[in-house]
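Here are the chains, one letter per residue:
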Amino acid sequence: MSKHKRRLILAGLAITSIGLSITEPDLIFPTSQEAPARQAAQEANPAPWWKHAVIYEIYPRSFQDTNGDGIGDLQGISERLGYLQDLGVNAIWLSPIYPSPQVDFGYDISKYEAIDPMYGTMADFDNLLAEAQKHDIRVLMDMVLNHTSDQHPWFIESRSSRDNPKRDWYIWRDGKGPGISPNNWQSLFGHSAWQYDPSTQQWYYHKFYPQQPDLNWRNPEVRKAMYDVCRFWLDKGVGGFRLDAIETLFEDTRLRDEKILPGRNAYGDPNEDESRTVDLPEIHEVMRELRQVADSYPGDRVLVGETYTRTTHDLLSMYGLDGPELQLPMDTQVGFIDNKLDAGAFRQRISAAENDLDGHVPLFLFDNHDNPRSWDRYGDGMHNEAIAKILATVLLTTRSAALMYYGEEIGMVTTPPKTRAEVQDPIGKIGWPKEKGRDGERTPMQWDGSKDAGFSTTDHTWLPVAPNYPTINVQVESRNPGSLLTWYKALIALRRSHPALHLGSNIMVNATDPNMLSYLRKNPGNGPSVLVAMNFTAHLRIVSYDLKAQGIEGATGKALAQNGGVAKAVELSHVALPPFAVLVAEVQ
Ligand code: GLC
Ligand code: CA
């Protein structure tokens, strides 16, 4: 199953937008011992930066507008680097900023080695890169390899005649007869994946919109051209790439039909199993070659993958079975599967990442620009803020790299369009009303309570600012020690500074408890380990921990961070956790 199929499951959800309720400030800030501890953690750990990274996805259109056109820009990102450094992120991933007709808001690229004027100039980009470096933040580019825009010069040439040298750069095929497409393959964005071109009387394949023709990755010239594009950005000094739609690079050469599955999708098409167009074995060769390109540069350049595998075990092949592939294929099992706050399911999936990935670091995430925000997916309408703090805790205190999405740290809500006429994302137009598109999770960042939430100064931001911005914004939350933003900041700082959280193994404890998720981050040295305990229910839970089997003698816990009214010092034999409470405690 691929991501957009998965997204359809999410799309049926009722989205509630409940404001963030301010709780009692009961969070303990990292102490002044932080700096030496951090240094010690770093010295003890020569591992590459990405193994412990917090990567923050920026959707540039929606982050910060500086020229008043209602669309975010590169200058805006540069101006907010101080905020990002303060939050503690190690890298930002920019959704595509290349020239594009913007049919898929940048995922339809018409020139790979330039910047769309809407976002600024190459000088603005160079400036962003230099400034980010000063803030100790790497910049990852979104690399779209599967397809280009239909306005890319390669495709314009390719469609111009059957014998154009670039014809074979895309997937052109004859139909089965007049008006009949080559087979039953469907676009992830609805309806046939084949588009007829009357001038040359053949069909071209597009896994996404018709304006996004798929490249032919079996053509060596295509490969070379795309690796050169990667080198262009690596030469500039980017920290690596997020590889878009990497699973769909190849299709069955014999064009065999997809198997039809029961039911219909949100577009009204029959469900298909996608085994002819997703995850073909050839993708691994490309990922190995991409990794060689990245590794030919100094400074641990990283490849993050957009991988929506069926199981955690399937993810193993993305790290590479016959030589290195991606360092960080995303693991969607924890954050995107069924959206239920189910302690057993979380435990099972986190354990799978711990046990089934041959020691590779998993990359967890709860939010991105393609799925409704976790605030609404996991929230119960009453305890959303406490639940958001639980998700943040899972993201930031397990042994994983962490991928965040702008606004997640302040609890931004999903704000879907109310009418079809308001929809910007084409899939919302194609699939309305079942599929409302992805506008809801792409609304402007909420910086403060001023006009346009401090995002812009125009009356026409490209998507409307969510109505809750007067109370849910960076300015309000940074002043509140009990806010979600303060929680994220504190956990990111802790994860950097505490050796057990930074380097420790992840061991599930009280592993049969259906109501609580508890794990130990065991200190690899002589220092204290950290116990993380979360109550996944709306009832008070009293639990007892015996960590002797884990070789831990300490019987008390001192809170490094806690939410929901847990005591600051606890006897591990009797820990009281109020509804949805979290305790991150050093065991002493
Ligand atoms: C990826 C992107 C998504 C885009 C698609 C087509 O899934 O995350 O936003 O629409 O690729 O490029
Ligand atoms: Ca702008």
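Residues numbered from 1 in each chain as written. Chains lettered and ligands numbered in written order. Predicted model: local features only at pLDDT ≥ 70, side-chain atom pairs only at ≥ 80, totals over all residues. Heavy atoms only, no water.

## Some details on the packing of aromatic side chains
Then comes step 1: Counted under the stated rule, the structure contains 29 aromatic pairs.
Then comes step 2: With centroids separated by 5.4 Å and ring planes inclined at 70°, the aromatic side chains of Trp 172 and Tyr 204 adopt a geometry described as edge-to-face. One end of the pair, Trp 172, is in strand 4 (residues 172–173); the other, Tyr 204, is in strand 6 (residues 202–205), with 32 residues separating them in the sequence.
Then comes step 3: On the basis of relative accessible area, Trp 172 is assigned to the buried category, the value being 6%. (Phe/Tyr/Trp six-rings, centres within 6.5 Å; stacked < 30°, edge-to-face > 60°. Helix = DSSP H or I, 4+ residues; strand = E, 2+ residues; numbered from the N terminus. Buried < 20%, exposed > 50% of the residue type's maximum accessible area, 1.4 Å probe, protein only.)

## Looking at the nonpolar core
Then comes step 1: In this structure, Tyr 56, Phe 125 and Phe 346 are the most contacted members of the largest nonpolar core, which totals 141 residues.
Then comes step 2: Of the residues forming this core, the biggest block, nine residues, is contributed by helix 12 (residues 384–397).
Then comes step 3: In this structure, Phe 346 is in contact with Val 334, Lys 340, Leu 341, Phe 366, Tyr 378, Leu 391, Val 394, Leu 517 and Phe 536, ignoring residues within four places of it in sequence.
Then comes step 4: Listed in part, the 19 residues of the second largest apolar core include Leu 531, Ile 552, Leu 572 and Leu 577. (Core = buried A, V, L, I, M, F, W, Y, C linked by side-chain atoms within 4.5 Å. Contact = heavy atoms within 4.5 Å.)

## Here we look at the coordination of the calcium ion (ligand 2)
Then comes step 1: Bound to the calcium ion (ligand 2) are the protein donor atoms Asp 65 (OD), Asn 67 (OD1), Asp 69 (OD), Ile 71 (O) and Asp 73 (OD), situated 2.2 to 2.5 Å from the metal.
Then comes step 2: Here the donor residues of the calcium ion (ligand 2) are spaced in sequence according to D-x1-N-x1-D-x1-I-x1-D. (Donors = N, O, S within 2.8 Å, 3.2 Å for Na, K, Ca; no water.)

## As for the packing of helix 7 (residues 220–236) against helix 8 (residues 283–295)
Then comes step 1: At a closest axis distance of 10 Å, the pairing of helix 7 and helix 8 adopts a crossing angle of 35°. By crossing handedness, the relation of helix 7 to helix 8 is classed as right-handed. Counted together, Arg 223, Tyr 227, Cys 230, Arg 231 and Leu 234 of helix 7 and Glu 285, Val 286, Glu 289, Leu 290, Val 293 and Ala 294 of helix 8 form the full contact between these two elements.
Then comes step 2: Each residue belonging to the contact of helix 7 with helix 8 can be placed in one class, and the counts come to seven nonpolar, no polar and four charged. (Axes fitted to C-alpha atoms, helices over the stretch in contact; angles between N-to-C directions. Left-handed = near helix turned anticlockwise from the far one by under 90°. Nonpolar A, V, L, I, M, F, W, Y, C, P; charged D, E, K, R; others polar.)

## Quick word on the domain arrangement of the chain
The figure often quoted for interface size is the accessible area lost as the parts come together.
Then comes step 1: Each assigned domain of the chain is listed here: domain 1 (47–147 + 220–492) and domain 2 (153–205).
Then comes step 2: Spacing between the C-alpha centres of domain 1 and domain 2 amounts to 30 Å.
Then comes step 3: With 25 residues of domain 1 at the contact, the number on the domain 2 side is 17 residues.
Then comes step 4: The junction of domain 1 with domain 2 conceals about 1,800 Å² of combined surface from both sides, 58% of it contributed by carbon and sulfur atoms.
Then comes step 5: Applying the counting criterion to the domain 1 and domain 2 interface returns zero salt bridges.
Then comes step 6: Our enumeration of links across domain 1 and domain 2 arrives at eight residue pairs in polar contact (both at pLDDT 80 or more).
Then comes step 7: Going through the elements one at a time, helix 7, strand 9 (270–272) and helix 13 (426–431) are the ones with two or more residues in the side of domain 1 that touches domain 2. (Domains from an automatic or database assignment. Buried area = accessible area lost by both parts, 1.4 Å probe. Salt bridge = Lys/Arg side-chain N within 4 Å of Asp/Glu carboxyl O. Polar contact = N/O pair within 3.5 Å; in protein donor to acceptor, adjacent residues only side chain to side chain.)

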